[in-house]
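# Chains, contacts and geometry: an overview
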There are 4 protein chains.
Amino acid sequence: MTRIEYQQCIDACVKSMDACNYSYISSLKEYDLASLRESIRLNRECADICSFAAQAMSRQSPFVVPILRLCAEICEACAAENSRHVHTHCKECIKATLACAEACRLITDAALAHA
Amino acid sequence: MTRIEYQQCIDACVKSMDACNYSYISSLKEYDLASLRESIRLNRECADICSFAAQAMSRQSPFVVPILRLCAEICEACAAENSRHVHTHCKECIKATLACAEACRLITDAALAHA
Amino acid sequence: MTRIEYQQCIDACVKSMDACNYSYISSLKEYDLASLRESIRLNRECADICSFAAQAMSRQSPFVVPILRLCAEICEACAAENSRHVHTHCKECIKATLACAEACRLITDAALAHA
Amino acid sequence: MTRIEYQQCIDACVKSMDACNYSYISSLKEYDLASLRESIRLNRECADICSFAAQAMSRQSPFVVPILRLCAEICEACAAENSRHVHTHCKECIKATLACAEACRLITDAALAHA
């Protein structure tokens with residue numbers, strides 16, 4: 001893959017990292033904090049792998065495909081957990097993580113088709 | 001600082017990380033590799049701190065100001081080293097790292113003025 | 001600084017990262033979660049910079065001194081916040097973060113003395 | 001898995017990160033730099049995933065198993081590349097990365113057996 005082909009997925013990863021971290025700090029301020037424990041935990045997990053994946057693509061890592069497969073898996077788990085909550089930051093997070101998972105799958109599916 | 005106020009600096013950090021990593025892998029392919037040793041090393045340093053700074057802003061870290069001060073310092077050192085080389089990827093990297101340093105300084109200077 | 005001279009500080013950073021992350025996940029399970037919001041947040045901050053600092057030393061980064069200065073500052077802030085709580089994992093975290101801060105200061109002070 | 005069960009693998013990841021980064025900076029100083037391009041690149045890849053995996057275990061990430069599977073894969077690729085070179089730092093790196101891969105597989109195999 002070339003630099004340009006990765007660009008859309010890098011953008012999606014950065015947006016997902018941003019939405020996860022925003023939901024993370026917002027959840028820590030919520031009144032119903034106790035019900036958001038798992039959400040806080042998964043938001044951090046997801047922010048970390050999205051940040052890692054963005055860097056991996058930008059240095060054209062030879063391991064982009066397995067890294068993006070992992071990133072998509074964690075994004076989807078994070079979206080599933082956030083879908084159990086009603087806060088606006090949770091809903092924004094679902095949108096960004098699912099968009100990121102989709103962008104990752106586009107690349108991993110293409111790699112599979114060419115294998 | 002609010003989420004919106006950080007957005008421009010997050011974007012600058014991500015662009016700088018991307019340009020540094022692109023220059024890093026491009027340098028590793030160059031014929032004059034031996035003269036690019038220090039450039040390769042600083043490109044990685046700079047990509048890592050830019051990525052770290054972007055995450056820190058997105059989680060509204062209480063340590064954003066010292067983190068961005070460090071990021072600006074490393075960006076400027078990376079730009080200085082790249083200015084000794086003539087490759088297009090080095091020149092693109094200088095532009096992105098200096099823009100990032102400037103975006104970081106905007107925030108750290110504002111914090112100083114309010115202190 | 002040589003590889004051997006950094007080793008003690010790398011070990012202290014890794015132990016601090018480990019203690020912070022353990023306190024982070026333990027706090028998320030506590031009954032008095034609401035009083036631990038700031039502790040959770042600082043534990044993550046501290047784990048992230050300790051991990052970053054350990055890698056920076058292991059690659060003999062030219063920016064080790066300002067990175068360790070930042071790391072010491074965040075470790076001390078994390079210890080101060082954890083000292084407001086009585087859980088065992090908070091107390092273990094204070095010990096590890098203060099030991100890390102001390103190991104960082106040994107290196108940054110030595111650098112200052114040689115400057 | 002508990003904190004104690006992860007400890008051996010965290011140690012192996014940190015040692016592998018350290019050996020990879022040492023081989024990375026040592027390679028950048030070598031006379032036969034041109035033949036070490038791929039080794040430099042994989043050493044950085046491996047250091048980054050080992051650092052990421054160590055943090056993931058220390059925060060008892062729900063994604064430890066796929067993260068360690070990825071880490072083992074990258075460690076083995078890094079060892080294979082380094083086995084093409086004769087420098088002492090390459091040989092030390094092979095040892096540390098293969099030990100890390102083995103420690104990761106112990107956990108991922110155990111998870112598979114319990115699935």
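What you are looking at is a predicted structure, and each value in this text was computed from that prediction instead of being measured.

### Observations regarding the overall build of chain A
What chain A contains, in helices and strands, is 4 helices and 0 strands. Seen in sequence order, chain A has helices and strands lined up from the N terminus as α-α-α-α. Expected size for 115 residues packed as a compact globule is a radius of gyration near 13 Å; at 14 Å, chain A falls within 12% of this value. Projected onto its principal axes, the C-alpha coordinates of chain A cover approximately 50 × 20 × 20 Å. Per-residue burial over chain A gives 62% buried out of 115 residues. Long-range contacts, defined here as pairs at least 24 residues apart, represent 72% of the contacts in chain A between residues at least 6 apart. Roughly 4700 Å² of accessible area belongs to chain A as shown, and the carbon and sulfur atoms make up 58% of that amount. Both charge centroids of chain A, one from 12 positive and one from 14 negative side chains, sit 3 Å from each other.

### Some words on the packing of aromatic side chains
Counting across every chain of the model gives 2 aromatic pairs over all chains. Note on F52 of chain B and F52 of chain C: the rings are 4.8 Å apart at their centroids and 45 degrees apart in plane angle, and the pair reads as tilted. Residue F52 of chain B is located in helix α2 (residues 37–58), and its partner F52 of chain C is located in helix α2 (residues 37–58); the two belong to separate chains. F52 of chain B gets classed as buried once you look at its relative accessible area, which sits at 11%. Over the ring of F52 of chain C we find R59 of chain C; its NZ or CZ atom is 6.0 Å from the centre of that ring. The cationic tip of R44 of chain D hangs over the ring face of Y24 of chain B; the distance from NZ or CZ to the ring centre is 4.4 Å.

### A few points about the nonpolar core
Grouped together as the largest cluster of nonpolar side chains are 136 residues, with contacts concentrated most on C13 of chain A, C13 of chain B, C13 of chain C together with C13 of chain D. For C13 of chain B, the contacting residues outside a window of four places in its chain are C50, A53, A54, M57, C71, C100 and C104 of chain B.

### Quick notes on the relation of the copies chain C and chain A
Aligned on chain A, chain C shows an RMSD of 0.0 Å; the corresponding rotation is 180 degrees and the shift along the axis is 0.0 Å. The superposition of one copy onto the other is thereby described by a two-fold rotation axis. Most of the interface of chain C is mirrored in chain A: 100% of its interface residues are interface residues there too.

Criteria and thresholds
- Residues numbered from 1 in each chain as written.
- Chains lettered and ligands numbered in written order.
- Predicted model: local features only at pLDDT ≥ 70, side-chain atom pairs only at ≥ 80, totals over all residues.
- Heavy atoms only, no water.
- Helix = DSSP H or I, 4+ residues; strand = E, 2+ residues; numbered from the N terminus.
- Rg over C-alpha atoms; globule rule 2.2 N^0.38 Å.
- Buried < 20%, exposed > 50% of the residue type's maximum accessible area, 1.4 Å probe, protein only.
- Contact = heavy atoms within 4.5 Å.
- Areas by Shrake-Rupley, 256 points an atom, 1.4 Å probe, with all protein chains shown as cover.
- Lys, Arg positive; Asp, Glu negative; His and termini not counted.
- Charge placed at Lys NZ, Arg CZ, Asp CG, Glu CD.
- Phe/Tyr/Trp six-rings, centres within 6.5 Å; stacked < 30°, edge-to-face > 60°.
- Lys NZ or Arg CZ within 6 Å of the ring centre and 35° of its normal.
- Core = buried A, V, L, I, M, F, W, Y, C linked by side-chain atoms within 4.5 Å.
- Least-squares fit on C-alpha atoms with pLDDT ≥ 70 in both.

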